[in-house]
Structure formats: structure tokens, C-alpha cells
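# Per-entry structural report
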Amino acid sequence: MTHHPPIVPCLWFDNEGEEAVALYTSLFPDSAKGGVLRFGKAGQEVHGRSEGSVMSVEFRLAGRSFTALNGGPLFKFTPAASLFVHCGSEADVDRLWNRLVADGDVLMPLDRYEWSDRYGWLSDRYGLSWQIMLDREPREGIEIAPSLLFTGDVAGKAEAAMHTYMDIFPASAIVDMHRYGPGEQDHEGYVKYARFILAGRSFSIMDSSVAHGFGFTEAFSFQVLCDSQSEIDRYWEALRAGGDPAVQQCGWLKDRFGVSWQIVPSVLSRLLAGPDRAAADRVMNALLEMGKLDIAALEAAYAGRPAA
């Protein structure tokens, strides 16, 4: 049986990760706050965060796993990456819209459109973008899918990205595909909207050749949680192919479409969250020295022995 590595959207906040998680988990069914990692003494010259403050929060929204990261002010959300919320009732659309738009910004008004009888696009108080839609097909409950808008220098590359990702991850398929036709408001053949499955979970993509002035940033990345070093090696090489050649720290990479990924061993949170804070600090120090992550070296750091 093929292992489906979880692909977990990671949301980069300045210092409001825990606050944002409290809001989001209050809004959706099948939602909960999970494990919390705190900054230790290690790496303070890099991250500048006080010891004991919240580093990351695992959480679940509508049955889907997410991570909130307090990474500092370096990266900001843009509408190039959003969370697309598929709803089965108008009441859910209106409730979610009203709560999320408070102290935020309207990007597309909540209204009737060609693709939905009730749809809107907003940026919440933390800058994170949400598309909230009443599905025309009958739906029980709510589903959240990360959505990528290919614009600027990657406009027109949405379909290539989708097929690239589907070639890399197991349990992948196209669910829905719409292209712009002749005389429509974008280049013929560009992706108007596509929905697809990666590693058993739903994603969506769109193209836009409009000069929006924004693109993908590290504020919205995808963590690939790997069970073995061979998985880490495979996903690291596959996603990095043709991408930014600069080696980033801590398992981060940027693919050839500008999307950020973190290729992470699934044991990492256990190594960083244990009661032995000196061991966790050794792991953090080792982590900060790595580009691609090395499970054996991280476990050796935790145990206090030299890496092989």
C-alpha cells in the first residue's frame, strides 16, 4: 500500500498564530487546536523570539490538518494563496463571511456569480485570504481546499504545476477543470478553475494574467511530512527540480513555480516537543544548520551523540 505523505498547509504569522487558530477553530466543524511548540534558547540569534513564546500550533479545520507558525514579520500573506471553503448552505457562507471579514478586507464582494449563487473573496484581519462559496452540487458540511492563483511571471503555468505535483504525489487526480475560451477575460486555454487531489486531499488552482502586483510568498507553504529519509530525499529532489537553487534552512525549498514547501520528517515535532529542553535545543541547533533535513542527524542531536 502506497504511503500518502500528509501535505499540511503552513501559515506564517508574525506573532498572532495562537490567536488566529483560536478564531479559525471556533468557526468550522470538526476543528481543534493540537500540539504547541515553543521557542527555546537555541537559535535566538536567528529567529529573535523570546524563550517560551509560541513557535507553532498544529490545528484542524473541517477535518483538515494545518500548522500556524509564528515566524516574525519577514513574510506576508497575499491572495496568490488562499483557503477555498466549499459550503453546502447559504447560512454557512454568510456566517463564515461575516466572522472572517471583520477587521479584514473584501477582495470580491459576497454576491451571485457565474460559478456560484453565493461567493466572496476576502482577506481576514491577519492578511490570510479566503474564498467562500456555496456549491451548486449538494454538499453535506464544509470542505477547505488550499487554492493557488498563478499570476505575474507564472501566469499560464497553473496546469503545468498541477500535473507536476500530480506526478510527484501518490493518490492524485483531476476532479474538475475549466479553461478560458475564446473571447473570455483571459488568455484562451489558461486555467479558469481546476480542482485536483494530491495525496488524497483536495486543492484548487487558477491562472490570471491581470497585473495584480502580488505572487506567492513563504507565508503560505506546504509541509510534506515524511516517514523515512528516502521519502525526504525523493520529495526534496522532485519539488526542488528547476526551482530556486539557493539552499534554504530547515527543510524549506521553493519550486519552479515559486511555491514554498517544507520537507519535514514526521518525527520532528516529537523531537522538539519533548520534556528534555536541552535535547530539544540540540535538535533546533542541528536543524538550523541543515538545508535538506537528515533524520538520523536530528535523532543523534536529540540523544546527545555525534551524527554518523
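Look up a bit, the structure's there.
Below: a short report on this structure.

Conventions adopted
- Residues numbered from 1 in each chain as written.
- Predicted model: local features only at pLDDT ≥ 70, side-chain atom pairs only at ≥ 80, totals over all residues.
- Heavy atoms only, no water.
- Buried < 20%, exposed > 50% of the residue type's maximum accessible area, 1.4 Å probe, protein only.
- Helix = DSSP H or I, 4+ residues; strand = E, 2+ residues; numbered from the N terminus.
- Pairing = 2+ DSSP bridges.
- Contact = heavy atoms within 4.5 Å.
- Expected span 1.5 Å × (residues − 1).
- Polar contact = N/O pair within 3.5 Å; in protein donor to acceptor, adjacent residues only side chain to side chain.
- Axes fitted to C-alpha atoms, helices over the stretch in contact; angles between N-to-C directions.
- Parallel < 35°, antiparallel > 145°, perpendicular 65-115°, else oblique.
- Left-handed = near helix turned anticlockwise from the far one by under 90°.
- Nonpolar A, V, L, I, M, F, W, Y, C, P; charged D, E, K, R; others polar.
- Core = buried A, V, L, I, M, F, W, Y, C linked by side-chain atoms within 4.5 Å.
- Disulfide = S-S within 2.5 Å.

### Considering the pairing of strand S12 (residues 201-207)
- With six of its seven residues buried, S12 lies for the most part within the structure.
- Where strand S9 (residues 142-150) and S12 come together, four bridges link them in parallel fashion. Counted as the bridge partner of Leu 148 is Ile 205 from S12.
- Pairing of strand S11 (residues 191-198) with S12 involves five bridges; the strand directions are antiparallel. The partner of Ile 197 across the bridge, within S12, is Ser 202.
- Connecting S11 to the antiparallel partner S12 that follows it, the hairpin turn spans two residues, and Ala 199 within it adopts a positive phi of roughly 50°.

### Here's the deal with the pairing of strand S15 (residues 260-265)
- Burial within S15 is extensive, with six of its six residues counted as buried.
- Of the two faces of S15, both are covered, the one formed by Ser 260, Gln 262 and Val 264 as well as the one formed by Trp 261, Ile 263 and Pro 265.
- Note: strand S13 (residues 220-226) against S15, six bridges, orientation parallel. Counterpart to Phe 222 in the pairing with S15 is Trp 261.
- Bridging between strand S14 (residues 252-254) and S15 involves three bridges; their strand directions are antiparallel.

### Looking at the environment of Met 177
- Structurally, Met 177 is set in strand S10 (residues 173-179).
- Along the primary structure Met 177 and Tyr 193 are separated by 16 residues, whereas in three dimensions their C-alpha atoms are 6.2 Å apart.
- The residues contacting Met 177, other than those within four sequence positions of it, are Glu 159, Met 162, Val 191, Tyr 193 and Ala 194.

### Quick notes on unusual backbone geometry
- Phi angles above zero are rare outside glycine, and Ala 62 is one such case at about 50°.
- Along the chain, Ala 62 falls in the loop between strand S3 (54-61) and strand S4 (64-70).
- For Ala 62, a relative accessible area of 18% translates into the label buried.
- Phi is positive for Ala 199, which is not a glycine, with a value near 50°.
- Along the chain, the position of Ala 199 falls in the loop between S11 and S12.

### Comments concerning helix H7 (residues 277-288)
- An ideal rise of 1.5 Å per residue puts 16 Å on 12 residues; H7 measures up with 16 Å between its terminal C-alpha atoms.
- All of the buried residues in H7 are Ala 279, Ala 280, Asp 281, Val 283, Met 284, Ala 286, Leu 287 and Leu 288.
- Its side-chain oxygen at 3.2 Å from the backbone nitrogen of Ala 278, Asp 276 defines the N-terminal cap of H7.

### Details of the environment of Arg 118
- Its location among the elements puts Arg 118 in strand S7 (residues 116-123).
- Residue Arg 118 is classed as partly exposed on the basis of its relative accessible area, which comes to 22%.
- Residues Arg 118 and Ile 132 lie 14 residues apart in sequence; the distance between their C-alpha atoms is 8.2 Å.
- If near-sequence neighbours (up to four positions away) are discounted, Arg 118 is found in contact with Glu 90, Val 93, Asp 94, Leu 110, Asp 111, Ile 132, Met 133 and Leu 134.
- Separated by 2.5 Å, the side chains of Arg 118 and Asp 94 make a polar contact.

### Considering the packing of helix H1 (residues 17-27) against helix H3 (residues 90-101)
- In contact at an axis separation of 11 Å, H1 and H3 are set at 165° when each is read in the N-to-C sense. It follows from the interaxial angle that H1 and H3 lie roughly antiparallel. Judged by the twist between their axes, the crossing of H1 over H3 is right-handed. Across from Leu 23, Tyr 24, Ser 26 and Leu 27 in H1, the residues of H3 making contact are Arg 95, Leu 96, Arg 99 and Leu 100.
- Across the contact of H1 with H3, the residue classes break down as five nonpolar, one polar and two charged.

### Some words on the nonpolar core
- Of all hydrophobic cores here, the largest spans 92 residues; its most connected members are Tyr 24, Trp 130, Ile 132, Trp 261 and Ile 263.
- No other element matches the six residues that helix H4 (residues 158-168) contributes to this core.
- If we ignore the near neighbours within four places in the chain, the residues touching Trp 261 are Ile 7, Tyr 165, Phe 169, Ser 221, Phe 222, Val 224, Leu 239, Gly 251, Trp 252, Leu 253 and Asp 255.

### A few points about the state of the cysteines
- Here the structure, examined in full by the defined rule, presents zero disulfides.
- Looking at the unpaired Cys 10, the closest cysteine sulfur is the one in Cys 250, lying at 12 Å.
- Its relative accessible area of 17% is what places Cys 250 among the buried residues.

### A word on the sheet that holds S4
- Pairing is mixed across the open sheet formed by seven strands, whose spatial order is S2-S3-S4-S1-S13-S15-S14. Looking at which strands have only one partner, the edges of the open sheet turn out to be strand S2 (32-38) and S14. Looking at each pair of strands side by side, their axes are set apart by 25° on average, direction ignored.
- Pairing analysis gives six bridges linking S3 to S4, with the strands arranged antiparallel. The residue of S4 that forms the bridge with Glu 58 is Thr 67.
- Where helix H5 (residues 229-240) meets the sheet, its contacts fall on S13, S14 and S15, and the angle it forms with S15 comes to roughly 170°.

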